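Examination of the molecular architecture
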Amino acid sequence: MTPEAVVEIIRQALMTAFWLSAPLLVVGFAAGIIISLIQVVTSMQDSAFSTIPRLAAFLVALLLSLPWMLKKMVAYTTVVLGDLGRYAR
């Protein structure tokens, strides 16, 4: 196995991890900004008010994107395991 092949496998793994985490990170970021703006406008500094909606938004995003994430992970795993004979050389 050449060093270029190893670098390509690692690059694919990192890009897959990036694309799997991106929707959840975007939702968490957006929920955090919205909750922070609401706290600034209402002058409410309760920590439960900032934590519970963020967790709920994250959970909803996880449940909605889970089928897509599973499909993406299965596709990546199929590609990696399908080329297993090539990697052994």
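Here the structure is a predicted model, which is why all the values come from computation and not from measurement.

Structural notes on helix α2 (residues 47–82)
By the largest-angle criterion, S65 marks the main kink of α2, which is about 50°, and a proline, P67, follows within four residues. Lining the buried residues of α2 we find α1 (3–42) and α3 (84–88).

A closer look at the environment of S36
In this fold, S36 is placed in helix α1. Each C-alpha atom of the pair S36 and M15 lies 30 Å from the other, and the pair is 21 residues apart in sequence.

Brief notes about the environment of W19
As for its position among the elements, W19 is in helix α1. Residue classification places W19 among the partly exposed positions, given a relative accessible area of 43%. C-alpha separation for the pair W19 and G85, spaced 66 residues apart in sequence, amounts to 27 Å. Apart from the residues lying within four places of it in its own chain, the contact partners of W19 are W68 and K72.

Some points on a nonpolar patch on the surface
Taken together, the side chains of M1, V6, I10 and L14 define a hydrophobic patch exposed on the protein surface, amounting to about 360 Å² of accessible area. Turning to its location among the elements, L14 is positioned in helix α1. The exposure class assigned to L14 is exposed, which follows from its relative accessible area of 58%.

Description of α1
Relative to the 58 Å expected for 40 residues at 1.5 Å per residue, α1 spans 56 Å between its end C-alpha atoms, a close match to the ideal helical length. Its maximal kink placed at A22, α1 deviates by approximately 35°, while the proline P23 follows within four residues. Turning to α1, its buried residues are A5, I9, T16, L20, A22, L24, A31, G32, I35 and Q39. Contact partners of the buried residues in α1: α2 and α3. Positive backbone phi, at 55°, marks S43, one or two positions downstream of α1.

Concerning the packing of α1 against α2
α2 packs onto α1 with a crossing angle of 160° between their chain directions and a minimal axis gap of 9 Å. By the angle class used here, α1 and α2 are roughly antiparallel. Seen along the crossing, α1 lies across α2 with a hand that is right-handed.

Some words on unusual backbone geometry
In this model, S43 sits at a positive phi of 55°, which is unusual for a non-glycine residue. We classify S43 as exposed; its relative accessible area is 60%.

Quick word on the pattern of salt bridges
Taken as a whole, this structure holds one salt bridge when the rule is applied. Ionic pairing is found between E8 and R11, a salt bridge with its closest N-O pair at 2.9 Å. Taken together, the residues E8 and R11, both in helix α1 and three residues apart, mark about one turn of the helix. R11 gets classed as partly exposed once you look at its relative accessible area, which sits at 45%.

About the thresholds
Residues numbered from 1 in each chain as written. Predicted model: local features only at pLDDT ≥ 70, side-chain atom pairs only at ≥ 80, totals over all residues. Heavy atoms only, no water. Bend = angle between axes of the 7 residues up to and from the residue. Helix = DSSP H or I, 4+ residues; strand = E, 2+ residues; numbered from the N terminus. Contact = heavy atoms within 4.5 Å. Buried < 20%, exposed > 50% of the residue type's maximum accessible area, 1.4 Å probe, protein only. Patch = residues over 30% accessible without salt bridge, like charges linked within 9 Å, V, L, I, M, F, W, Y side chains within 5 Å. Areas by Shrake-Rupley, 256 points an atom, 1.4 Å probe, with all protein chains shown as cover. Salt bridge = Lys/Arg side-chain N within 4 Å of Asp/Glu carboxyl O. Expected span 1.5 Å × (residues − 1). Axes fitted to C-alpha atoms, helices over the stretch in contact; angles between N-to-C directions. Parallel < 35°, antiparallel > 145°, perpendicular 65-115°, else oblique. Left-handed = near helix turned anticlockwise from the far one by under 90°.

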